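Understanding the architecture of this molecule
One-letter residues, chain by chain:
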Amino acid sequence: MIQAKRNIIITSVLLILIVTEATAQKQGQALIDSLQSELAKAKEDTIKVKLLNQLGRASMYMGEYQKSIEYCTRALPLAEKTKFKKGTGFAYLVMTISATNMGNFSDALKYGNASLSICLELNDKELLGAIYIDISNVYQQIGNYPEALKMLLAALKLNEET
């Protein structure tokens, strides 16, 4: 049990180091302002889905988790309309992280499982690895270490296959 907790913590730290990246060399509020400016000009297409998801992600990094979920929720119907499944999967992934950080673990699992289903359907290994780890983090937070470990092992197996 102690070994499982240690493995989860190590993997979580590594993921944070890998996933944290600067988007277009802008950070924080400057990035959000820039994305909002672009969003105002965007047509109802996949570019707008990407902008909404980027705003959700940037808001998440700023600790504005409710705003993050709101942006990604706005992306969902447009992603559905444009048949942009990767955009849907990414929106749910960001919502998973934000809900987890808000302590809303039931919603986090709901979003995570929605993203997982889409990522499996698309066989999108990059998003799939991320969502396995994010779902693992939810299970870790609620003390379900066997499920957390199961998700981490799935991510590890996926990594070994690529």
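If you're wondering where the values come from, they're calculated on a predicted model, not measured in any experiment.

To continue, consider the side chain of Ser68. Among the structural elements, Ser68 can be located in helix 4 (residues 65–81). What makes Ser68 buried here is its relative accessible area of 0%. Not counting chain neighbours up to four residues away, the residues in contact with Ser68 comprise Gly56, Ser59, Met60, Val94 and Ser98.

Another point: the environment of Leu109. The residue Leu109 is located in helix 6 (residues 105–122) in this model. Classification of Leu109 as buried rests on a relative accessible area of 17%. Through-space distance from the C-alpha of Leu109 to that of Ile135 is 6.6 Å; in sequence the pair is 26 residues apart. Beyond its immediate sequence surroundings of up to four residues, Leu109 is in contact with Ile135, Val138, Tyr139 and Ile142.

As a further point, take the packing of helix 3 (residues 46–61) against helix 5 (residues 85–101). Look at helix 3 against helix 5: their axes get within 10 Å of each other, and the N-to-C directions meet at 15°. With respect to helix 5, the axis of helix 3 lies roughly parallel. Read as a crossing pair, helix 3 and helix 5 show a hand that is left-handed. Where helix 3 abuts helix 5, its residues Val49, Asn53, Gly56, Arg57 and Met60 lie against Gly87, Phe90, Ala91, Val94, Ile97 and Ser98. Tallied by class, residues from the contact of helix 3 with helix 5 come to 6 nonpolar, 4 polar and 1 charged.

A word on helix 3. Look at helix 3: 22 Å from first C-alpha to last across 16 residues, which is about the 22 Å you get at 1.5 Å a residue. Three or more residues of helix 3 are buried, namely Lys48, Val49, Leu51, Leu52, Asn53, Leu55, Gly56, Arg57, Ala58, Ser59 and Met60. In the stretch just after helix 3, Gly63 is the one whose phi turns positive, near 85°.

What counts and what doesn't
Residues numbered from 1 in each chain as written. Predicted model: local features only at pLDDT ≥ 70, side-chain atom pairs only at ≥ 80, totals over all residues. Heavy atoms only, no water. Helix = DSSP H or I, 4+ residues; strand = E, 2+ residues; numbered from the N terminus. Buried < 20%, exposed > 50% of the residue type's maximum accessible area, 1.4 Å probe, protein only. Contact = heavy atoms within 4.5 Å. Axes fitted to C-alpha atoms, helices over the stretch in contact; angles between N-to-C directions. Parallel < 35°, antiparallel > 145°, perpendicular 65-115°, else oblique. Left-handed = near helix turned anticlockwise from the far one by under 90°. Nonpolar A, V, L, I, M, F, W, Y, C, P; charged D, E, K, R; others polar. Expected span 1.5 Å × (residues − 1).

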